[in-house]
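Read off the chains here:
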Amino acid sequence: MQKKIVVGNLKMNPVSVVEFERYLDALEKELKGKEFEKTEIVVCPPVVFLQKLLNRDIKNIKAGVQDVFWEYQGAFTGQISAGMVKSAGATFAIVGHSERRKYFGENEEIINLKLKAILKNGLNAILCIGESAEERKKGQTSQVLKKQLKGCLAEIAPGKLEYISIAYEPIWAVGTDKIPTSDEILEAKIIIKKALAEMYFVKSAEKMRLLYGGSVKSNCAEQVCLDPAMDGVLVGRESLMPYEFVKIAILIDEN
Ligand code: PEP
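Parameters and conventions
- Residues numbered from 1 in each chain as written.
- Predicted model: local features only at pLDDT ≥ 70, side-chain atom pairs only at ≥ 80, totals over all residues.
- Heavy atoms only, no water.
- Salt bridge = Lys/Arg side-chain N within 4 Å of Asp/Glu carboxyl O.
- Helix = DSSP H or I, 4+ residues; strand = E, 2+ residues; numbered from the N terminus.
- Buried < 20%, exposed > 50% of the residue type's maximum accessible area, 1.4 Å probe, protein only.
- Contact = heavy atoms within 4.5 Å.
- Near = heavy atom within 4 Å.
- Polar contact = N/O pair within 3.5 Å; in protein donor to acceptor, adjacent residues only side chain to side chain.
- Areas by Shrake-Rupley, 256 points an atom, 1.4 Å probe, with all protein chains shown as cover.
- Core = buried A, V, L, I, M, F, W, Y, C linked by side-chain atoms within 4.5 Å.

Things to note about the pattern of salt bridges
Oppositely charged side chains may form a pair once their charged atoms are brought near each other.
Part 1: One pass over the full model with this rule turns up 20 salt bridges.
Part 2: Residue Lys59 pairs with Glu35 through a salt bridge whose shortest N-O separation is 2.7 Å. With Lys59 in the loop between helix 2 (50–56) and strand 3 (61–65) and Glu35 in the loop between helix 1 (17–31) and strand 2 (39–44), the pair connects residues that are 24 residues apart, well separated along the chain.
Part 3: Between Glu184 and Arg136 there is a salt bridge, and its shortest N-O distance comes to 3.7 Å. Here the residue Glu184 occupies a position in helix 8 (residues 182–199), and Arg136 occupies one in helix 6 (residues 133–137), the gap between them amounting to 48 residues.
Part 4: In this structure, a network of salt bridges that share partners links the residues Glu21, Asp25, Glu28, Lys52 and Arg56.

Right, here's the structure in full:
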């Protein structure tokens, strides 16, 4: 049985090395003396701060990145490969986040290439999927989630599924303070599980953890994670506040 997982996506924050060091001080303080029996906690900072995080070697904290490029090396200005991330010592990579789809035009084909690179290099993937407000309004949620899963997971072997966590992040809930009801998350969970069962044997598909992401706070952890029995959460803004982030992790670990 896999552990639950709480992932912090710091996005393009904080704004300087000094502030990141302060963030790490606060995170270390909040975690002091706390044990997490059933939950992995992953922090994904901007890549320029990754080594700072790794050097601290904070108990119970694993390091991840927010994106990778799919090529191994070469003339790809500004890009960072999954192999580089792995060699630096990180163990997780987020892929397919809706902000990357929105601002950098990432589609399923690109996300699939990135996912393959992540797995080939021995990293764990947090694959984000989710429908927009308009798609939900038009009743297309199921169709959209299925299309994203099919495209992103194309040619991914069943043996690799245990290294993938799927984060259901309805786009309308990311950064908005709007959250779905437990029933809506449960419905999405069933759609995802069914789609995966069509693509793989259930036994293999069940190895993937299923997370919720979108405006997660400690006061809604029950609604978005515990009630619909998700395997964890992907946290954006609240992960920038160590007290709140650790509170979310404790709630999830204890329930
Ligand atoms: C995210 O970045 O994946 C996210 C869910 O952000 P927020 O928690 O701020 O909505």
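Read on for the rest.
Notes on the environment of Tyr23
Part 1: Looking at the element boundaries, Tyr23 is found in helix 1.
Part 2: Assessed through its relative accessible area of 6%, Tyr23 is described here as buried.
Part 3: Leaving out residues up to four positions away in the same chain, Tyr23 has contacts with Leu10, Val43, Ser239, Leu240 and Pro242.

What about the site of the ligand?
Part 1: In the vicinity of the ligand there are 14 residues, among which Lys11, Glu169, Gly175, Ser215 and Arg237 approach most closely.
Part 2: At a separation of 2.6 Å, an oxygen atom of the ligand approaches a polar backbone atom of Gly175.
Part 3: In the environment of the ligand, an oxygen atom lies 2.9 Å from a nitrogen or oxygen atom belonging to the backbone of Gly236.
Part 4: Considered on its own, the ligand offers 290 Å² of accessible surface; in the complex 99% of this is hidden by protein.

Looking at the environment of Leu234
Part 1: When you line up the elements, Leu234 lands in strand 8 (residues 232–235).
Part 2: Under the relative-accessibility criterion, Leu234 is labelled buried at 2%.
Part 3: Taking the C-alpha atoms as reference points, Leu234 and Gln51, separated by 183 residues in sequence, lie 22 Å from one another.
Part 4: Not counting residues within four places of it along the chain, the set of residues in contact with Leu234 comprises Val7, Asn9, Ile94, Ile126, Cys128, Ala167, Glu169, Leu211, Tyr212, Gly213, Gly214 and Val216.

Some words on the side chain of Glu40
Part 1: Mapped onto the fold, Glu40 is located in strand 2.
Part 2: Engagement of the side chain of Glu40 in a polar contact is seen with the side chain of Lys62, the distance being 2.5 Å.
Part 3: Other than its neighbours up to four places away in sequence, Glu40 contacts Lys3, Lys4, Ile5, Val6, Lys62, Phe92 and Arg209.

A few points about the nonpolar core
Part 1: In this structure, Leu27, Leu115, Leu127, Leu153, Ile164, Ile166 and Val233 are the most contacted members of the largest nonpolar core, which totals 66 residues.
Part 2: Residue contributions to this core peak at six residues, all from helix 8.
Part 3: The residues contacting Leu153, other than those within four sequence positions of it, are Asn112, Leu115, Leu127, Ile164, Ile166, Leu196, Met199 and Tyr200.
Part 4: Counting 11 residues, the second-largest nonpolar core is a separate cluster that includes Val42, Ile94, Ile126 and Ala167.

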